[in-house]
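Chain by chain, the residues:
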Amino acid sequence: MENCAKQSEILFLWDGENWNPNGDMLNNNAPRYDEISNIALTSDVRLKRTIRDDLYERKGLEIFVRETRFEDGNIMDGKGRVEELTKDSDDKIEALKLKCIDVRAFGGVFPVEKKQYNLTGALQFKMSKSIHRVDAPVYIKGTGAFASGPGKENKTFREEYILPYAMFATYGIISGLSAKKSGLSKDDLSKILDSLWVGTKHLVTRTKIGQMPRFLLKITYKNDGDFIGDLNNRICVKDLKTASEQEIRSVKNFKVDISSIVKLTENFKDNIEKIEYKIDDSIVIDSIPDDWQRMV
């Protein structure tokens, strides 16, 4: 139990320009966007996919949620994936926790012998929101390289929606109690946070190339159940170099104000074991306390 991940909170800032951070399949795959608040959104599933892909592809760690196939070439369902990973084990859930870092982190629903087994993951993310109002997604259209059909002279068309710019705040909680149940270790958590940072930068697809990790804050608490909460809503942009938030087009157009979080950590100091952060050179955040530890 001593090696289990401790009660913690995470705040992660990341951005991009002329991109689609998380398309909405129910809305022509346009970037997720709240038309009332003019805030851009990304789902927790998108962040978990980024982490899982990096854990598997760069670190070589086994994950449960990835595409695998039966011998006949058909894509495996959940039951098949469970059997593939646990065929030599009597306790299939314990085997999954032992083999798959994403099971220990995010939990899941696993079909085992005509039953559904639910495991609550130790690490949970909220839906991410931009920390500033953004312009609505822009619709662009272009031509493809191939003809629209045999014998046709016209080329196919390419259509898509992009966001001009957005800086997102991702908030997450690591439950110390759930970590004891799922087996999430301190080392697991370090690898996951590294994959959150590096995986965000290395997600080199056509719609996401150029997105960058900018700031990662981790607050570790002394006791299970302690946390400040709502960190993503306690920050804002300041010192704009544009006429409005919607006109922001670069991380160089503003500073990030985390003074509310700093004040709260001072109020909660008796409950906090340590505060760590990682920062990209391009983002400007004033007054980071000297006793916060910078991650290597």
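Whenever I open this one, unusual backbone geometry confuses me. Can you help?
Negative phi characterises most residues that are not glycine, and trans characterises most peptide bonds. Phi angles above zero are rare outside glycine, and Asn-28 is one such case at about 55 degrees. Following the sequence through the fold, Asn-28 ends up in the loop between strand E2 (23–24) and strand E3 (30–31). By relative accessible area, Asn-28 is classed as exposed at 62%. Even without a glycine there, the phi angle at Asn-38 is positive, about 60 degrees. Within the element layout of this structure, Asn-38 appears in the loop between strand E4 (33–34) and strand E5 (39–42).

Where do I start with the environment of Asn-74 in this structure?
Here Asn-74 lies in the loop between helix H1 (44–57) and helix H2 (78–86). For Asn-74, a relative accessible area of 46% corresponds to the partly exposed category.

Mind showing me how you'd approach the pattern of salt bridges here?
Pairing is possible between side chains that carry opposite charge, provided their charged atoms lie close to one another. All told, the structure shown has 29 salt bridges when counted by the stated rule. Between Arg-58 and Asp-54 there is a salt bridge; the shortest N-O distance is 2.9 Å. The class of Arg-58 is partly exposed, set by a relative accessible area of 39%. Residue classification places Asp-54 among the buried positions, given a relative accessible area of 7%. Among the salt bridges present, the one from Arg-133 reaches Glu-245, with a minimum N-O distance of 3.9 Å. Of the two residues, Arg-133 is situated in the loop between strand E9 (128–130) and strand E10 (138–147) and Glu-245 in the loop between strand E13 (236–238) and strand E14 (255–257); the sequence distance between them amounts to 112 residues. Residue classification places Arg-133 among the partly exposed positions, given a relative accessible area of 37%. Here Glu-245 falls in the buried class, since its relative accessible area comes to 17%. Put simply, Asp-54, Arg-58, Lys-59 and Asp-194 are held in one network by salt bridges that share partners.

Even after reading the chapter, I still don't get the packing of aromatic side chains, so can you show me in this structure?
Centre distance and the angle of the planes are the two values used to describe a pair of aromatic rings. All told, the structure shown has nine aromatic pairs when counted by the stated rule. With a centroid separation of 5.9 Å and 90 degrees between ring planes, the pair formed by Trp-14 and Trp-19 is classed as edge-to-face. The pair Trp-14 / Trp-19 is uniform in exposure class, with both members buried. Judged by centre distance (5.1 Å) and plane angle (85 degrees), the rings of Phe-64 and Phe-110 are edge-to-face. Separated by 46 residues along the polypeptide, Phe-64 in the loop between H1 and H2 and Phe-110 in strand E6 (residues 107–112) bring together distant segments of the chain.

What should I look at first to understand the environment of Lys-278 in this one?
Note that Lys-278 resides in strand E15 (residues 272–279). Between the C-alpha atom of Lys-278 and that of Pro-21, which follows or precedes it by 257 residues, the distance is 22 Å. Once residues lying within four places of it in the same chain are set aside, the contact partners of Lys-278 are Trp-197, Arg-214, Phe-215, Leu-216, Met-295 and Val-296.

How should the side chain of Arg-52 be read in this particular structure?
Looking at the element boundaries, Arg-52 is found in helix H1. Apart from the residues lying within four places of it in its own chain, the contact partners of Arg-52 are Ile-63, Val-65, Asp-102 and Phe-106.

What is the right way to read the pairing of E6 from this model?
For a regular strand, side chains alternate in direction, first toward one face of the sheet and then toward the other. One ladder, built from six bridges, connects E6 with strand E7 (residues 115–120); its direction is antiparallel. What sits directly across from Phe-110, in E7, is Tyr-117. With antiparallel pairing between neighbouring strands as the criterion, E6 and E7 make up a hairpin whose turn holds two residues, including Glu-113 at a positive phi of roughly 50 degrees.

About the criteria used
Residues numbered from 1 in each chain as written. Predicted model: local features only at pLDDT ≥ 70, side-chain atom pairs only at ≥ 80, totals over all residues. Heavy atoms only, no water. Helix = DSSP H or I, 4+ residues; strand = E, 2+ residues; numbered from the N terminus. Buried < 20%, exposed > 50% of the residue type's maximum accessible area, 1.4 Å probe, protein only. Salt bridge = Lys/Arg side-chain N within 4 Å of Asp/Glu carboxyl O. Phe/Tyr/Trp six-rings, centres within 6.5 Å; stacked < 30°, edge-to-face > 60°. Contact = heavy atoms within 4.5 Å. Pairing = 2+ DSSP bridges.

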